[in-house]
Every structure is written in C-alpha cells, then in structure tokens.
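Structural overview
Below are the chains, spelled out letter by letter.
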Amino acid sequence: MRKKIAAGNWKMHLSLTEAQKLVSEIVNMYQDEYRGKAEVIFGVPFPYLHPIHHLIKDKNNIHLSAQNMHQATSGAYTGETSAPMLLDTGASHVILGHSERRQYFGEDEALLAAKTDQALAHELTVIFCIGESLEERESGHMLAVVKKQLSGGCFHLSAENFSKLIIAYEPVWAIGTGKTASPAQAQEVHAYIRQLIAERYDAQIAAGCSILYGGSVKPENAQELFSQKDIDGGLVGGASLKSRDFVDIIKAL
Ligand code: PEP
C-alpha cells in the first residue's frame, strides 16, 4: 500500500548513548508536534537494533530497519547477520542496495536479488535503493541504469512480493554531497520508475508502490520534493542524525 514515509539512514554514525538520545528526542517531538499518518523508520547500525527497538516498540507508525543483511539463513559466514537475527532484534525493515554497499562492497544485482528474496521470505520489508552516478547522468544513461537496477534486483519477484517493497531513488551524486536533485529532476525519475513497475506488473501495483527520494534531503527542500506527484517521502542520511531536522522533514510529509 502506498504510504508517506520518512526513513533515516544513520550509516556508521553515533555512539549508543547518542543514538538513544536522538531517538528519544525524535519520538517526543513526533508525538507532540505531528498529527499526520506518515511512517517513520530508523535505519540503524546492527549493534543498536535491539536497544533502539526497546525505545520504539510500543509507538504507532515508528519502525526499525537494518542497513544490510546476508542472503543466507545461517551458516559459516563470519561477521554476517541473517534475516532471522534481524527479526530477533525487533527490526521489521532492511535497506538493501544502498549505493555505498554497491560501491564499497561490490554488491551487484544478482546478490541483491538473493538478499531481497531472503528478506521477503522472512517477512522483512525491504527498502530497495537504486540510483545513477554523476557520470551515468551526464552521459545520458540515467534511466537505463535505474531500469537495470530495478529489473535485476526486483523484477523477478511475484506481484504479491513486489508489492511488499519500498523503492528508494537515490542519485549517487546527491548522497552526502549537499547537492539535491531538483524536484523536477527527482519527479522525472520517480515517474519513470512507476511506469516501469506498471509495465512489468500493472497500474494498480505501480500506483500502490511507495517510492522515496534520497540525496541531501533537508528541512529546507523536503516540502517541495515531497509535493511532487510520484515522491512518497524520503530516505534521509545526514539530516536524520539531527532530531529537529528529521522531525521537520517528517512534518513536511
Ligand atoms: C543516504 O544515505 O541514503 C542519503 C540519502 O544520505 P544524505 O541524506 O546524507 O544525502
């Protein structure tokens, strides 16, 4: 079902004490100031999943996400974390295919398709990230890249399973750079993603899919981005580490 969503991606930041303070502040401000129905998701480092779950477990519309996951259920994979382990911490979501995982850890479409299958098999909601580099945009390959990432990672899914995904469009050149895609640039790609989904599945599934924008979302640009027809919210890095900024982004929904 299509929803308004503000998802934070903390990456590898914060101490546990800082993380707990941040979540407590956000939850208090959200409850005091926000009357809408948008969902909030905290994408936190593995060691913080369980302690952060403790702070949000009885809160409506607030969820917990991991930032990665292994594709096997269990096994001799030193240092890895499985879907059942994520569920045990209280996580309900997992971010897959973030450009930093693709770039620094060599995650490709085949691996991401396997991880997506595994997450869905364990009833985790996947936030599946796609997006082009600056070079790909400037050379005119932007739409082809998005199509390849979406078809390679997700279009093998049944319609029922695809409907459980959240898609995040994150142009790599806008992540952590302070350069935001203009609302028109973001809308163009979001509309294209929705069209691809309609072609692969059907118009109803495309209309029901939540597609988030990510890339230097801040309180100052959130409202204009979120007012675009095909943008259903944000995947937010830097600004999700500041309680006031993240709550203002939620309120922009
Ligand atoms: C991200 O990490 O997914 C992201 C969009 O980061 P930032 O908001 O800092 O650009």
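I will try to describe carefully the structure that is included in this document. None of these values were measured; they are calculated from a predicted model.

Procedures and definitions
Residues numbered from 1 in each chain as written. Predicted model: local features only at pLDDT ≥ 70, side-chain atom pairs only at ≥ 80, totals over all residues. Heavy atoms only, no water. Pairing = 2+ DSSP bridges. Helix = DSSP H or I, 4+ residues; strand = E, 2+ residues; numbered from the N terminus. Axes fitted to C-alpha atoms, helices over the stretch in contact; angles between N-to-C directions. Contact = heavy atoms within 4.5 Å. Salt bridge = Lys/Arg side-chain N within 4 Å of Asp/Glu carboxyl O. Buried < 20%, exposed > 50% of the residue type's maximum accessible area, 1.4 Å probe, protein only.

The next point concerns the sheet that holds strand E4 (residues 93-96). What the eight strands build is a closed barrel, ordered E1-E2-E3-E4-E5-E6-E7-E8; its pairing is parallel. On average, each strand axis in the sheet is inclined to that of its neighbour by 25°, with strand direction left out of account. Note that strand E1 (residues 5-9) and strand E8 (residues 233-236) share four bridges and pair parallel. For Ala 6, the partnering residue across the bridge sits in E8 and is Gly 234. Along the sheet, helix H7 (residues 142-154) makes contact with strand E5 (125-130) and strand E6 (166-169), crossing E5 at roughly 150°.

A full pass over the atoms with the stated rule returns 16 salt bridges. Between Glu 107 and Lys 115 there is a salt bridge; the shortest N-O distance is 2.9 Å. Both residues of the pair, Glu 107 and Lys 115, belong to the buried class. Where Asp 230 meets Arg 194, a salt bridge forms, and the shortest distance between an N and an O atom there is 2.6 Å. One end of the pair, Asp 230, is in the loop between helix H11 (219-226) and E8; the other, Arg 194, is in helix H9 (residues 183-200), and 36 residues separate them in sequence. Like Arg 194, Asp 230 is buried. Beyond isolated ion pairs, a larger network of salt bridges with shared partners links Arg 2, Arg 194, Lys 229, Asp 230 and Asp 232.

That's the geometry; what it means functionally is another story.
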